[in-house]
Amino acid sequence: MKLLNFLKEWTLPVAMVMGTLIYFIFALTPSLDGAAEFFGPIIDTIFPLFMFLILFVTFCKVDFRKLRPVGWHVWVGIFQAAFVLVIVGIILAFQLKGDKLVLLESVLTCIIGPCAAAAAVVTSKLGGNLEEMTTYTFLSNFLTAFMVPVCFPLIDPSAGMDFWQAFFLILYKVCLVLVAPMFLAFVVKHFIHPLHQWIVGVKDLSFYMWGLSLAIVTGTTVKNIVHADTTTRFLLLIAGMGLMLCLVQFAVGRYLGHFFHRTQEAGQALGQKNTNFAIWIAYTYLNPLASVGPGCYILWQNVINSLELWMHEKNLEKQKT
């Protein structure tokens, strides 16, 4: 029972440690090379489906009548857009090249990336407003879909990015990741009541599914960092910038949210990023090495999530006593 309680309380750190250990076991054991080559494509295929199921389970708990924009959405979005413009302005004003440009590009991808779909899972676990968080996730994706094709050609004109092509490509990915599971959840909630009752009756189902997916993401992230074609010093610099940026975005989000009594929601909205999307845009439109930034960011944001969940559980225990 003690082990079970420990796993429940520290799901995210355990998932991150397990993902890291599994990667190094496969990486340092030559006899497992065949197994790694076999399971790699399977994981790549299953993972998007797994994320679909996580969001489907989460959206089954959403009251669709309450999905509407609110005040804190506006201010969090304004800060994200302003922060992006500052970074792009610095790159253009100083005409940065080489490692300095890669460093700022890695920072930019961590800012311009949309709110993580899994932020709704964490917010729900922390007792926040699931509907407001879900609404902002959609708005954040639209904001990112607009900013990426506007800002990236300014940084790298060779990208040859057509605005509408990039815009609709990103929206297509949004539909696959967010709209499809939400539509299925709507159908199940309103027309397949026994299945809906079973899904919502399993406590924290989406959270533990997300913990399992985090182990996979962490292993992949560690692999990308280990194989990054640069010096250890520069990797540490990118990781350090990612940590600082993560703390700033969570802190600013919470500060903006406290004016609307939505500290938790706004903090998650601005701080918890869709790092898989950020890695994709770095690989597609910028220097691939910039993808190390969001790769490190996912580790930092989940350390913060773990601390938030731990503090939340401790506060609940104090209230009971």
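To be clear, the structure that these remarks concern was listed above.
Residues numbered from 1 in each chain as written. Predicted model: local features only at pLDDT ≥ 70, side-chain atom pairs only at ≥ 80, totals over all residues. Heavy atoms only, no water.

Caption draft 1: Inspection of the overall build of the protein at higher detail. Of the regular secondary structure elements, the protein holds 14 helices and 0 strands. Order of helices (α) and strands (β) in the protein, N terminus to C terminus: α-α-α-α-α-α-α-α-α-α-α-α-α-α. Rg of the C-alpha trace for the protein: 20 Å, near the compact-globule value of 20 Å for 321 residues, within the 12% margin. Seen through its principal axes, the protein has C-alpha atoms that stretch 55 × 55 × 40 Å. (Helix = DSSP H or I, 4+ residues; strand = E, 2+ residues; numbered from the N terminus. Rg over C-alpha atoms; globule rule 2.2 N^0.38 Å.)

Caption draft 2: Region of interest: the environment of M241. Locating M241 in the fold gives a position in helix α11 (residues 232–258). For the pair M241 and L103, spaced 138 residues apart in the sequence, the C-alpha separation amounts to 8.4 Å. Discounting chain neighbours no more than four positions away, the residues touching M241 are L103 and V107. (Contact = heavy atoms within 4.5 Å.)

Caption draft 3: How the structure looks around the packing of helix α5 (residues 98–112) against α11. In the contact formed by α5 and α11, the axes pass within 10 Å of each other and the chain directions differ by 30 degrees. Taken as a pair, α5 and α11 cross one another with a handedness that is right-handed. In this structure, α5 contributes D99, V102, L103, S106, V107, C110 and I111 to the contact, and α11 contributes F234, L237, I238, M241, L245 and Q249. A per-class count over the contact of α5 with α11 returns 10 nonpolar, 2 polar and 1 charged. (Axes fitted to C-alpha atoms, helices over the stretch in contact; angles between N-to-C directions. Left-handed = near helix turned anticlockwise from the far one by under 90°. Nonpolar A, V, L, I, M, F, W, Y, C, P; charged D, E, K, R; others polar.)

Caption draft 4: Quick look at the nonpolar core. Within the largest apolar cluster, 74 residues are counted, with the highest numbers of intra-cluster contacts made by V76, V84, I87 and F152. The element contributing the most residues to this core is helix α7 (residues 130–155), with 10 residues. Beyond its immediate sequence surroundings of up to four residues, I87 is in contact with L104, V107, L108 and I111. Counting 10 residues, the second largest nonpolar core, distinct from the first, contains A228, A239, L289 and V292. (Core = buried A, V, L, I, M, F, W, Y, C linked by side-chain atoms within 4.5 Å. Buried < 20%, exposed > 50% of the residue type's maximum accessible area, 1.4 Å probe, protein only.)

Caption draft 5: Representation of the packing of aromatic side chains in the model. Evaluation of the coordinates by the stated rule reveals 10 aromatic pairs. With 5.5 Å between their ring centres and 55 degrees between their planes, F277 and W280 make a pair best called tilted. You can see F277 and its partner W280 sitting in helix α13 (residues 275–285), 3 residues apart, about one turn around the helix. Overall, F277 belongs to the buried group, its relative accessible area being 8%. Take W280: its relative accessible area is 22%, and that puts it in the partly exposed class. Looking at K125, its charged tip hangs above the ring of F207, at a distance of 5.0 Å from the centre. (Phe/Tyr/Trp six-rings, centres within 6.5 Å; stacked < 30°, edge-to-face > 60°. Lys NZ or Arg CZ within 6 Å of the ring centre and 35° of its normal.)

Caption draft 6: Expanded view of the pattern of salt bridges. On inspection of all chains with the given rule, the structure shows 6 salt bridges. As a salt-bridge pair, E265 and R262 come within 4.0 Å of each other at their nearest N and O atoms. Exposure remark for R262: the relative accessible area of 24% places this residue in the partly exposed category. (Salt bridge = Lys/Arg side-chain N within 4 Å of Asp/Glu carboxyl O.)

Caption draft 7: Fine view of the layout of surface pockets. Approximately 620 Å³ is the volume found for the second largest pocket. What lines the second largest pocket is a set of 27 residues, and nearest its centre among them are K125, K203, D204, Y208 and E313. Of all elements in the fold, only α1 (2–9), α2 (11–28), α6 (119–125), α10 (205–226) and α14 (292–320) reach the threshold of two or more residues within the lining of the second largest pocket. A per-element tally of the lining of the second largest pocket places α14 first, with 7 residues. (1 Å grid on protein atoms, 1.4 Å probe; cavity = no way out; pocket = protein on both sides within 12 Å on 5 of 7 lines; lining within 4 Å. Points joined across faces, edges and corners; volume = space filled by probe spheres on them.)

Caption draft 8: Expanded view of empty space enclosed by the protein. Applying the stated rule across the entire model yields 2 cavities of 30 Å³ or more. Considered as a void within the structure, the largest cavity measures approximately 40 Å³ in volume. If you trace the largest cavity, you find it lined by T221, N224, I225, I279, S291, V292 and G295. Elements represented by at least two residues in the lining of the largest cavity include exactly α10 and α14. A total of 3 residues in the lining of the largest cavity trace back to one element, the largest contributor, which is α10. Across the lining of the largest cavity, the residue classes break down as 3 nonpolar, 4 polar and no charged.

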